[in-house]
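Letter by letter, the chains look like this.
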Amino acid sequence: MPSAVIAEDEALLRQALRDALARAWPGLEIVAECEDGAGALQAIAEHAPDVAFLDIRMPGLTGLEVAAAATEASPGTRIVFTTAYDQYAIDAFDRGAVDYLLKPVEGERLAATVQRLQQR
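Our subject in this report is the structure included herewith. Please read all numbers here as calculations on a predicted model, not as lab measurements.

1. Quick word on the overall build of the protein chain
So, step 1. If you tally the helices and strands in the protein chain, you get five helices and five strands.
So, step 2. Scanning the protein chain from its N terminus toward the C terminus, one meets helices and strands in the order β-α-β-α-β-α-β-α-β-α.
So, step 3. In terms of C-alpha radius of gyration, the protein chain reaches 12 Å, essentially the compact-globule figure of 14 Å for 120 residues.
So, step 4. Taken across its 120 residues, the protein chain has 42% of its residues classed as buried.
So, step 5. Within the protein chain, contacts between residues separated by at least 24 positions form 59% of all contacts whose residues are at least 6 apart in sequence.
So, step 6. Only carbon and sulfur atoms are counted for the fraction: they give 50% of the accessible area of the protein chain, which is about 6,100 Å².
So, step 7. Between the mean site of the 10 positive side-chain charges and the mean site of the 19 negative ones, the protein chain shows a separation of 5 Å.

Shown next, in the form of structure tokens:
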């Protein structure tokens, strides 16, 4: 069963992403949910999930910093950024992101991301 970590500092947005993923990818197991970058990096290192959904602006480490460190902690983990800010897209793809979702994440857009992840 594929697994994922969700890192989002806002509880309502974290819940919304979890719910949207349950609809778009019913077989995905969420192994950890984190409120900050340090927690996200720890969860990625501990669980080695197939995918990590990372907010970019979080307390402590940013999502970009987590993604950079995650390449060593769990090389097989694919990164999807979820953010309200479009100006980080180039940095995100430079760090090997599979996708870059703008919040609020739309169901159709998430479904396309899930399809891309499942094909890899």
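2. Details of helix α3 (residues 63-73)
So, step 1. Within α3, burial applies to G63, L64, V66, A67 and A70. Seen from one end, α3 has its buried residues packed into an arc of 155 degrees, which puts them on one side.
So, step 2. Tucked inside the fold, the buried residues of α3 contact α2 (37-47), β3 (51-55), β4 (78-83) and α4 (89-94).

3. Notes on unusual backbone geometry
So, step 1. Residues K103 and P104 are joined by a peptide bond in cis, for which omega reads -5 degrees.
So, step 2. By the element assignment, P104 lies in the loop between β5 (99-102) and α5 (107-119).
So, step 3. We note that A48 has phi near 45 degrees; this positive angle belongs to a residue other than glycine.
So, step 4. Relative to the helices and strands, A48 is located in the loop between α2 and β3.

4. Observations concerning the sheet that holds β3
So, step 1. Taken together, the five strands give an open sheet; going across it, the order is β2-β1-β3-β4-β5, and neighbouring strands pair in parallel fashion. Edge positions in the sheet fall to β2 (29-34) and β5, since each of these pairs with one other strand and no more. Strand after strand, the sheet turns through a mean of 20 degrees between neighbouring axes, direction not considered.
So, step 2. As paired strands, β4 and β5 are joined by four bridges and run parallel to one another. From the neighbouring strand, V80 faces β5, where its bridge partner is D99.

The rules we used
- Residues numbered from 1 in each chain as written.
- Predicted model: local features only at pLDDT ≥ 70, side-chain atom pairs only at ≥ 80, totals over all residues.
- Heavy atoms only, no water.
- Helix = DSSP H or I, 4+ residues; strand = E, 2+ residues; numbered from the N terminus.
- Rg over C-alpha atoms; globule rule 2.2 N^0.38 Å.
- Buried < 20%, exposed > 50% of the residue type's maximum accessible area, 1.4 Å probe, protein only.
- Contact = heavy atoms within 4.5 Å.
- Areas by Shrake-Rupley, 256 points an atom, 1.4 Å probe, with all protein chains shown as cover.
- Lys, Arg positive; Asp, Glu negative; His and termini not counted.
- Charge placed at Lys NZ, Arg CZ, Asp CG, Glu CD.
- Arc of directions from axis to C-beta.
- Pairing = 2+ DSSP bridges.
- Axes fitted to C-alpha atoms, helices over the stretch in contact; angles between N-to-C directions.

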